[in-house]
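Examining the three-dimensional arrangement
Okay, here's what each chain looks like letter by letter:
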Amino acid sequence: MVVICEVLIRQYQPSDQQSVKRVLLDGVYTNMWPAYKNALLRREALIFASLLFSMFSLIIDDWLMIIGAAIVGYFGVVYLVIRIAALAYFHASCSDLNDIEKCYQRDAYSNFWVAQFDGDIVGTVAIVAREDVLAINGAVAENTSPLGKTAFLRRMAVCKRRRKMGIGLMLIETAVNFCRRNSYDSVQLITTQLQNPAQRLYLKYGFKSRVDL
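To start, this report covers the structure provided alongside it. (Residues numbered from 1 in each chain as written. Predicted model: local features only at pLDDT ≥ 70, side-chain atom pairs only at ≥ 80, totals over all residues. Heavy atoms only, no water.)

**Details of the overall build of the protein**
Rules: Secondary structure is summarised from DSSP: a helix means a run of H or I of at least four residues, a strand means a run of E of at least two, and numbering begins at the N terminus for each. Partly exposed residues are those whose accessible area sits between 20% and 50% of the maximum for their type, while under 20% is buried and over 50% is exposed, using a 1.4 Å probe and protein chains only. Any pair of residues with heavy atoms lying within 4.5 Å of one another is described as a contacting pair. Only the protein chains shown count as covering a residue, and every accessible area follows the Shrake-Rupley method with a 1.4 Å probe.
In terms of helices and strands, the protein carries 6 helices and 5 strands. Within the protein, buried positions represent 37% of all 213 residues. Contacts in the protein between residues far apart in sequence, at least 24 positions, make up 73% of those at least 6 positions apart. Carbon and sulfur atoms make up 58% of the accessible area of the protein, which totals about 13,300 Å².

Structure below.
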(Lines give C-alpha, C1' and ligand atoms only; values in the text may rest on other atoms or scores of the structure.)
Protein backbone atom coordinates (compact mmCIF):
# COMPACT_ATOMS: atom_id res chain seq x y z
CA MET A 1 0.00 0.00 0.00
CA VAL A 2 1.32 3.45 -0.96
CA VAL A 3 0.43 6.33 1.36
CA ILE A 4 0.62 9.78 -0.22
CA CYS A 5 0.98 12.65 2.27
CA GLU A 6 -0.36 15.99 1.16
CA VAL A 7 0.83 19.37 2.34
CA LEU A 8 -1.81 21.23 4.34
CA ILE A 9 -1.59 25.00 4.74
CA ARG A 10 -3.69 26.09 7.70
CA GLN A 11 -3.96 28.87 10.27
CA TYR A 12 -1.72 28.73 13.30
CA GLN A 13 -3.08 27.14 16.47
CA PRO A 14 -1.63 27.63 19.98
CA SER A 15 -0.53 23.99 20.10
CA ASP A 16 1.79 24.71 17.14
CA GLN A 17 4.02 27.15 19.03
CA GLN A 18 7.01 24.92 19.80
CA SER A 19 6.94 23.37 16.32
CA VAL A 20 6.92 26.85 14.77
CA LYS A 21 9.97 27.82 16.81
CA ARG A 22 11.79 24.67 15.72
CA VAL A 23 11.12 25.39 12.04
CA LEU A 24 12.35 28.98 12.34
CA LEU A 25 15.41 27.91 14.35
CA ASP A 26 16.17 25.38 11.61
CA GLY A 27 16.19 28.30 9.19
CA VAL A 28 18.65 30.19 11.39
CA TYR A 29 21.01 27.21 11.39
CA THR A 30 20.71 26.91 7.61
CA ASN A 31 21.69 30.57 7.16
CA MET A 32 24.55 30.07 9.63
CA TRP A 33 26.69 28.18 7.11
CA PRO A 34 26.91 31.00 4.53
CA ALA A 35 27.64 33.38 7.41
CA TYR A 36 30.37 31.00 8.63
CA LYS A 37 32.02 30.89 5.20
CA ASN A 38 31.95 34.67 4.95
CA ALA A 39 33.34 35.05 8.46
CA LEU A 40 36.34 32.84 7.67
CA LEU A 41 37.56 35.43 5.16
CA ARG A 42 36.96 38.52 7.26
CA ARG A 43 39.99 40.59 8.18
CA GLU A 44 39.38 40.10 11.90
CA ALA A 45 39.26 36.32 11.50
CA LEU A 46 42.49 36.24 9.49
CA ILE A 47 44.21 38.37 12.13
CA PHE A 48 42.98 35.90 14.76
CA ALA A 49 44.41 33.02 12.67
CA SER A 50 47.82 34.69 12.56
CA LEU A 51 47.72 35.22 16.33
CA LEU A 52 46.85 31.56 16.87
CA PHE A 53 49.76 30.52 14.64
CA SER A 54 52.14 32.78 16.58
CA MET A 55 50.89 31.49 19.92
CA PHE A 56 51.23 27.82 19.01
CA SER A 57 54.69 28.42 17.55
CA LEU A 58 55.84 29.51 21.00
CA ILE A 59 54.69 26.33 22.76
CA ILE A 60 55.02 23.65 20.06
CA ASP A 61 58.27 22.66 18.31
CA ASP A 62 56.79 20.57 15.49
CA TRP A 63 55.76 22.77 12.54
CA LEU A 64 53.15 20.31 11.33
CA MET A 65 51.53 20.30 14.76
CA ILE A 66 51.69 24.10 14.87
CA ILE A 67 49.90 24.38 11.52
CA GLY A 68 47.35 21.71 12.45
CA ALA A 69 46.57 23.25 15.83
CA ALA A 70 46.24 26.73 14.31
CA ILE A 71 43.86 25.49 11.60
CA VAL A 72 41.69 23.52 14.02
CA GLY A 73 41.60 26.40 16.46
CA TYR A 74 40.79 28.93 13.74
CA PHE A 75 37.90 27.00 12.18
CA GLY A 76 36.58 25.86 15.56
CA VAL A 77 36.55 29.25 17.25
CA VAL A 78 35.02 31.03 14.25
CA TYR A 79 32.29 28.36 14.06
CA LEU A 80 31.59 28.70 17.79
CA VAL A 81 31.32 32.50 17.54
CA ILE A 82 28.94 32.30 14.56
CA ARG A 83 26.79 29.65 16.26
CA ILE A 84 26.52 31.67 19.49
CA ALA A 85 25.71 34.82 17.50
CA ALA A 86 23.01 32.98 15.49
CA LEU A 87 21.35 31.62 18.63
CA ALA A 88 21.56 34.99 20.36
CA TYR A 89 19.97 36.68 17.35
CA PHE A 90 17.15 34.13 17.25
CA HIS A 91 16.30 34.44 20.93
CA ALA A 92 16.55 38.24 20.82
CA SER A 93 14.20 38.49 17.86
CA CYS A 94 11.55 35.90 18.73
CA SER A 95 9.40 37.88 21.17
CA ASP A 96 6.55 37.72 18.64
CA LEU A 97 6.74 33.91 18.68
CA ASN A 98 5.91 33.88 22.38
CA ASP A 99 2.45 35.27 21.61
CA ILE A 100 1.68 34.62 17.96
CA GLU A 101 -2.05 35.08 18.43
CA LYS A 102 -1.60 38.60 19.82
CA CYS A 103 0.96 39.63 17.22
CA TYR A 104 -0.50 38.06 14.07
CA GLN A 105 -4.10 37.03 14.73
CA ARG A 106 -5.45 40.02 16.64
CA ASP A 107 -7.57 41.34 13.75
CA ALA A 108 -8.88 40.38 10.33
CA TYR A 109 -5.97 42.01 8.49
CA SER A 110 -3.10 39.88 9.78
CA ASN A 111 -2.58 36.16 10.11
CA PHE A 112 -0.07 33.37 10.66
CA TRP A 113 -0.09 30.08 8.74
CA VAL A 114 1.75 26.80 9.06
CA ALA A 115 2.47 24.11 6.50
CA GLN A 116 1.77 20.61 7.79
CA PHE A 117 3.18 17.48 6.16
CA ASP A 118 2.87 13.93 7.45
CA GLY A 119 1.63 15.28 10.77
CA ASP A 120 4.58 17.65 11.29
CA ILE A 121 4.81 21.43 11.02
CA VAL A 122 7.36 22.02 8.25
CA GLY A 123 6.82 25.65 7.23
CA THR A 124 5.53 29.02 8.40
CA VAL A 125 4.56 32.43 7.05
CA ALA A 126 2.84 35.51 8.48
CA ILE A 127 1.24 38.74 7.23
CA VAL A 128 0.87 41.95 9.20
CA ALA A 129 0.23 45.54 8.11
CA ARG A 130 3.61 47.19 7.60
CA GLU A 131 2.50 50.20 9.61
CA ASP A 132 1.78 47.88 12.55
CA VAL A 133 5.08 46.00 12.59
CA LEU A 134 6.30 48.06 15.53
CA ALA A 135 3.27 46.86 17.49
CA ILE A 136 4.84 43.39 17.54
CA ASN A 137 7.52 44.80 19.83
CA GLY A 138 4.99 45.85 22.45
CA ALA A 139 2.89 48.79 21.25
CA VAL A 140 -0.63 47.85 20.22
CA ALA A 141 -1.78 49.95 17.28
CA GLU A 142 -5.39 50.96 16.87
CA ASN A 143 -7.26 48.65 14.49
CA THR A 144 -8.19 50.46 11.33
CA SER A 145 -9.02 49.34 7.82
CA PRO A 146 -5.80 48.64 5.90
CA LEU A 147 -7.11 50.09 2.63
CA GLY A 148 -4.11 51.66 0.95
CA LYS A 149 -1.71 49.95 3.32
CA THR A 150 1.31 47.81 2.59
CA ALA A 151 1.42 44.27 3.95
CA PHE A 152 4.60 42.95 5.49
CA LEU A 153 5.45 39.28 4.94
CA ARG A 154 7.25 37.82 7.94
CA ARG A 155 8.41 34.54 9.45
CA MET A 156 8.69 32.76 6.11
CA ALA A 157 10.48 29.44 6.61
CA VAL A 158 10.50 25.85 5.41
CA CYS A 159 12.52 23.26 7.31
CA LYS A 160 15.55 22.06 5.40
CA ARG A 161 14.49 18.44 4.96
CA ARG A 162 11.19 19.45 3.29
CA ARG A 163 12.48 21.98 0.80
CA LYS A 164 12.16 21.61 -2.98
CA MET A 165 8.60 20.29 -2.52
CA GLY A 166 6.84 23.51 -3.48
CA ILE A 167 5.91 24.27 0.12
CA GLY A 168 7.51 27.72 0.03
CA LEU A 169 5.46 28.75 -2.99
CA MET A 170 2.29 27.42 -1.37
CA LEU A 171 2.95 29.51 1.73
CA ILE A 172 3.66 32.66 -0.29
CA GLU A 173 0.56 32.13 -2.40
CA THR A 174 -1.57 31.73 0.73
CA ALA A 175 -0.18 34.96 2.19
CA VAL A 176 -0.50 36.98 -1.03
CA ASN A 177 -4.05 35.79 -1.67
CA PHE A 178 -4.93 36.86 1.88
CA CYS A 179 -3.52 40.32 1.10
CA ARG A 180 -5.58 40.55 -2.09
CA ARG A 181 -8.78 39.66 -0.24
CA ASN A 182 -8.02 42.36 2.32
CA SER A 183 -7.29 45.05 -0.30
CA TYR A 184 -3.63 45.61 0.50
CA ASP A 185 -1.85 47.65 -2.17
CA SER A 186 1.44 45.77 -2.00
CA VAL A 187 3.44 43.19 -0.08
CA GLN A 188 6.96 43.82 1.18
CA LEU A 189 9.55 41.65 2.89
CA ILE A 190 13.18 41.76 3.94
CA THR A 191 15.93 39.23 3.20
CA THR A 192 19.69 39.28 3.60
CA GLN A 193 22.55 38.44 1.23
CA LEU A 194 22.91 35.13 3.05
CA GLN A 195 19.39 34.02 2.05
CA ASN A 196 19.99 33.30 -1.62
CA PRO A 197 17.48 30.39 -1.86
CA ALA A 198 14.78 32.58 -0.28
CA GLN A 199 15.58 35.44 -2.66
CA ARG A 200 15.24 33.12 -5.66
CA LEU A 201 11.89 31.90 -4.35
CA TYR A 202 10.53 35.44 -3.94
CA LEU A 203 11.77 36.52 -7.38
CA LYS A 204 10.24 33.39 -8.90
CA TYR A 205 6.88 34.33 -7.44
CA GLY A 206 7.11 37.87 -8.84
CA PHE A 207 8.59 40.02 -6.07
CA LYS A 208 10.89 42.84 -7.15
CA SER A 209 14.35 43.18 -5.68
CA ARG A 210 15.49 46.40 -4.02
CA VAL A 211 18.85 46.96 -2.34
CA ASP A 212 18.97 49.41 0.58
CA LEU A 213 22.41 50.82 1.30
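Continuing now.
**Quick look at the environment of Cys-159**
Looking at where Cys-159 falls in the secondary structure, it is placed in the loop between strand S4 (150-158) and helix H5 (167-181). Taking relative accessible area as the criterion, Cys-159 reaches 3% and is therefore assigned buried. Separated by 38 residues in the primary sequence, Cys-159 and Ile-121 have C-alpha atoms spaced 8.7 Å apart. Apart from the residues lying within four places of it in its own chain, the contact partners of Cys-159 are Val-23, Asp-26 and Val-122.

**Examining the pairing of S4**
Here is the rule we go by: When DSSP locates at least two bridges between a pair of strands, those strands are taken to pair. A clockwise course of the path from the first strand over the helix to the second, judged with the strands pointing away from the viewer, identifies a crossover as right-handed.
In terms of residue burial, S4 counts as a mostly covered element, since 8 of its 9 residues are buried. Examined bridge by bridge, S4 and strand S5 (residues 186-188) share 3 bridges and lie parallel to one another. Looking across to S5, one finds that Ala-151 is bridged to Val-187. Handedness of the crossover joining S4 and S5 through H5: right-handed.

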